[in-house]
Amino acid sequence: MDKKPYYITTAIAYTSGKPHIGNTYEIVLADSIARYKRMEGFDVFFQTGTDEHGQKIEQKAEAAGVTPKEFVDDIASQIMGIWDLMNTSYDKFIRTTDADHEKQIQKIFKKLYEQGDIYKGEYEGMYCTPCESFFTSSQLVDGKCPDCGREVQPAKEEAYFLKLSKYTDRLIEHINTHPEFIQPESRKNEMMNNFLLPGLSDLCVSRTSFKWGIPVDFDSKHVVYVWIDALSNYITGLGYDADGNHGELYKKYWPADLHLIGKDILRFHTIYWPIMLMALEVPLPKQVFGHPWLLQGGGKMSKSTGNVMYADDLVSILGVDAVRYFVMHEMPFDNDGVITWELLVERINSELANTLGNLVNRTISMSNKYFDGIVTNTGAKEELDNELSLTAIKTSGKVAEKMKELRVADAISEIFTLFKRCNKYIDETMPWVLAKDEAKKDRLAAVLYNLTESICIGASLLSPFLPETSARIFAQLNTTVRAYDRLDIFGEYPSGTKVTETPEILFARLDIKEVLEKAEALKPAAAPDTKESSSEIAALEDTAIDLDAKPEITYDDFAKLQFQVGEIMECKAVEKSKKLLCSQVKIGNQMKQIVSGIKQYYSPEEMVGKKVMVLVNLKPATLAGILSEGMLLCAEDADGNLALVVPEKNMPAGAEIC
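Remember, it's a predicted structure, so these values are computed and weren't measured experimentally. (Residues numbered from 1 in each chain as written. Predicted model: local features only at pLDDT ≥ 70, side-chain atom pairs only at ≥ 80, totals over all residues. Heavy atoms only, no water.)

Undergrad: Explain the overall build of the protein chain to me, please; I cannot follow it from the model alone.
TA: Broken down by element type, the protein chain carries 22 helices and 28 strands. Overall, the protein chain is about 90 × 80 × 45 Å in size when its C-alpha atoms are taken along their principal axes. In the protein chain, buried positions account for 51% of the 658 residues. If you take every contact in the protein chain between residues at least 6 apart in sequence, the share linking residues at least 24 apart comes to 75%. Total accessible area computed for the protein chain in this model is approximately 30,000 Å², and 49% of it derives from carbon and sulfur atoms. Of the charged side chains in the protein chain, 73 are positive and 97 negative; the average position of the first set lies 3 Å away from that of the second. (Helix = DSSP H or I, 4+ residues; strand = E, 2+ residues; numbered from the N terminus. Buried < 20%, exposed > 50% of the residue type's maximum accessible area, 1.4 Å probe, protein only. Contact = heavy atoms within 4.5 Å. Areas by Shrake-Rupley, 256 points an atom, 1.4 Å probe, with all protein chains shown as cover. Lys, Arg positive; Asp, Glu negative; His and termini not counted. Charge placed at Lys NZ, Arg CZ, Asp CG, Glu CD.)

Have a look at this one:
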């Protein structure tokens, strides 16, 4: 029997910078849904990717001294790296700079123009560069962008427009006749009452004020604006062709079963996107789900305020599945969630370490202690076993009901209800007491079998959400994940199976003080207060003398810094940068690559052979698309002239500076 296709997408991440945990939440949520649908037996195609065009990218690349393509290549690789770190099982990672995508965008734009759904006009309004959006004066909030709160600037330019008004009534009818199209319900009401019912203005879909975009092939002054470019990834990634020569993936998987997006971009996905599809005579996606935000300590994460937590930092301290658990389980269905280090530690200790980890460890340890690890179903049943087995076999149905509504947090809670029932069962049966009576040996074996079987059912259901943890549990129980259609049957664990001799700790209990210290150590040093303070390159290149006294530090603070003598073996100028040199520096028996903003003071030839002082343990950073693994120390005079700090005597490369 052929599996039923299921197509799920995330919004594509904007390549303006490294994604924070709030951005990462979406890919983890989508992954859990995709994995669950696969477990149910669906043929799943899971797409994610990156949105790589626009004025903001052009400006950031210019500030970094690189081309826009070099800039987005670097950020896209960071985003993909974090998605992979979080163990997400996407089938395709699309980039809007992919040649096949760009070709189709030009064809889509031209098709809509030729059929009269796009027309040329002139746009005048207030423009927000970070959001890449025009607003009328009435849409501004306190004179600022209604979406991000930043300053806006008056702008006027020739542009092409998409006729939203032509399709408004048809879209309203679709939403009214397909109540599942926009979820949760509150999001649908917002779109209808705030945008559709008051009436839509036509949408600007091209720009002339910047060049980093897909050119309109019949009008070279214009580039295709973000809405048509980015939103169309959901069909171009499957092989949609504007001429009708669609690829097999498109024929198989479109329309999408689920677009999973943040609530802040709901308007684009439930108004602009379906109208584009209507104009193209393409079926609309079945559902658009606008998930809430993950807030840090009650406020929206923002790189501009420094209020940001990153997935790789969290994972380095807590582990992948602990982070996955928190962001999925602590997010309400339609309200914003909160993440703090304190909450993370509390949930990990109480749920993962105590409820789950301790359960698995105790069960395996008792099997080894009392039966040399052999788990046997003796059939020595008592009345209180019924409640445990009934809870176990009903859990899959309860999880399925929650997942139908995308209530992922509630689904995970149902699984942990089973684990909590297992722990209660241990307290009720008291295996350590049964072990003292030889006549109750069969009963003791049955108790441990019932626990092992219940854990197998729970771990199978847990596998879409915490795949690594589930796999580790099954490895210790010497079995495999249970087939989905067998999860409502109790007694499938093979009697006589031997569990591992030494159970591993799934989740160690955390000390909040130690975690906070590690978290503090991960924070980057405050950036200089320059006009490009958010850019690592600008912070490096726009150096200036500062004679203000800095706060006193202790010897322990100083001891954290590792200074050594380095010898520059190779040096090259960084292309398209006015200030950067890239040096290969020998330090002892290792080689480090260091990028420095000293090009106007030293030529690459002068650098080779110099002995220099190096800050060795500076956290690596990517500058102008190049990894830098340390810092060369320089002195600066009042006129802004720089000079490398070099040892007075001939010291060997690697000598410690103390």
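Moving on, there is more to tell.
Undergrad: In this structure, what is going on with the sheet that holds strand β6 (residues 133–135)? I would like to understand it.
TA: Pairing between the strands of a sheet is mediated by backbone hydrogen bonds and can be parallel or antiparallel. The antiparallel open sheet is built from 4 strands, whose spatial order is β6-β5-β7-β9. Pairing within the sheet leaves two strands with one partner each, and these edge strands are β6 and β9 (203–204). Alignment of strand β5 (residues 118–128) against β6, held across 3 bridges, turns out to be antiparallel. Within β6, the position partnered with C128 by the bridge is S133. (Pairing = 2+ DSSP bridges.)

Undergrad: Where do I start with the sheet that holds strand β12 (residues 223–224) in this structure?
TA: What the 3 strands build is an open sheet, ordered β10-β12-β11; its pairing is antiparallel. At either margin of the open sheet sits one strand with a lone partner, and together these are β10 (206–207) and β11 (214–215).

Undergrad: Could you clarify how one ought to interpret helix α10 (residues 266–280) in this entry?
TA: Residue pairs three or four apart in sequence face the same way in an α-helix, which turns once every 3.6 residues. Spanning 15 residues, α10 covers 21 Å between terminal C-alpha atoms, matching the ideal 21 Å at 1.5 Å per step. Approximately 25° is the largest bend angle found in α10, and it occurs at W273, with the proline P274 only one to four residues beyond. Burial runs high along α10: 15 of the 15 residues are buried. At the C-terminal side of α10, E281 shows a positive phi close to 60°. (Expected span 1.5 Å × (residues − 1). Bend = angle between axes of the 7 residues up to and from the residue.)

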